[in-house]
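# A structural walkthrough
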Amino acid sequence: MWVIGITLLVAAWGVTKVTPGAEFTEASFVTEARLGERAVGSELIITVDDVVLVTTASDRRGWTAEGDWLVVDLALSAKTSEERALLGTATLEVGGRTYRASERPESLLSEPLGAGIATTGSLAFELPEEVTGSEATIRFASKAGDVRLDSVIEMTLDLAELPREDARELRPTVGGGL
C-alpha cells in the first residue's frame with residue numbers, strides 16, 4: 001500500500017512540473033512584424049512603414065508636443081469583417097514598462113477599419129528620456145486591454161538603432177471603414 005501511495009505522490013508531483021502555467025495557457029497568439037513587411041493576425045493586417053524617434057511631434061490639426069516621442073507610420077486593415085474592427089491596443093513595452101499610444105494627436109488608435117481597405121496614419125508614443133537606448137516591443141491588437149488568448153502583432157525594436165529627427169508631423173489618417 002505504501003508503495004502505491006508514494007508512486008501516486010511522485011506521479012502527481014511530476015504532472016505539476018510538466019503542466020504549463022497560466023503564462024502559456026493564456027498567452028496571446030503572436031505574429032512577428034518586420035519593417036516594411038505585411039503582418040497578418042486573426043483580425044488585423046498591418047504594415048509598419050517607418051519608425052523614428054523625434055524631439056517634437058505634431059499633427060495637421062495643430063497639435064504639437066516636445067519631448068521624446070516614438071512615431072510609427074503604418075497601414076492597417078481588418079482581415080475579414082468591418083463589424084467592430086479597429087486598432088484597440090497599441091502599446092510599447094520597454095524596460096519592463098508599458099506605454100500606450102498617445103490619444104492626443106491624430107492617430108490610428110481606435111480608428112474604424114475596413115476589410116481589405118488600407119487605412120494609413122501614425123501612432124505616437126511619449127517616452128521618458130532614459131528609455132531611448134533600450135530594446136522595445138510594439139504590440140498591436142484589435143481588442144483593447146486584456147489580449148490573453150487573442151491575436152497580437154508584435155514588432156521588436158532597438159531604440160538605440162532608430163533614426164532620430166528633430167521634428168515629425170504624424171501622417172494624417174486616410175482610408176478606413178465605417
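The structure we're discussing is the one just above.
Heads up: these notes are all about the structure in this document. (Residues numbered from 1 in each chain as written. Predicted model: local features only at pLDDT ≥ 70, side-chain atom pairs only at ≥ 80, totals over all residues. Heavy atoms only, no water.)

## Regarding the nonpolar core
Generally speaking, soluble globular proteins have nonpolar side chains that are buried together. We count it as follows: The nonpolar core is taken to be a set of buried Ala, Val, Leu, Ile, Met, Phe, Trp, Tyr and Cys residues, with the residues joined through side-chain atoms within 4.5 Å. Think of it in three bands: residues with accessible area under 20% of the maximum for their type are buried, residues over 50% are exposed, and the middle band is partly exposed, with areas taken using a 1.4 Å probe on protein chains only. Every helix listed is a DSSP run of H or I at least four residues long, and every strand listed is a run of E at least two residues long, numbered separately from the N terminus. Should any heavy atoms of two residues lie within 4.5 Å, those residues are considered in contact.
Grouped together as the largest cluster of nonpolar side chains are 34 residues, with contacts concentrated most on L70, V72, L123, F125, L127 and F140. Among the elements of the structure, β3 (44–58), β4 (64–78), β5 (89–94), β7 (119–127), β8 (135–141) and β9 (151–158) are those that each provide at least two residues to this core. Discounting chain neighbours no more than four positions away, the residues touching V72 are V48, D50, V51, G121, S122, L123, F125 and I138. If you look at the next biggest cluster of nonpolar residues, it comprises 9 residues, including V52, A65, V71 and L170.

## Comments concerning unusual backbone geometry
Phi is positive for S110, close to 65°, though the residue is something other than glycine. Locating S110 in the fold gives a position in the loop between β6 (97–100) and β7.

## Structural notes on the pairing of β5
Under the convention used in this document: Strands are treated as partners if at least two bridges between them are detected by DSSP.
Among the 6 residues that make up β5, 5 are buried, leaving the element largely enclosed by the rest of the structure. Relative to β8, β5 runs antiparallel, the two being bridged by 6 bridges. Paired with E93 across the bridge in β8 is T137. Both β5 and β6 contribute to a ladder of 4 bridges, which runs antiparallel. Directly across from T91, in β6, lies its bridge partner R100. Hairpin geometry of β5 and β6 is characterised by an intervening segment of 2 residues between the two adjacent antiparallel strands and by a positive phi of about 60° at G95.

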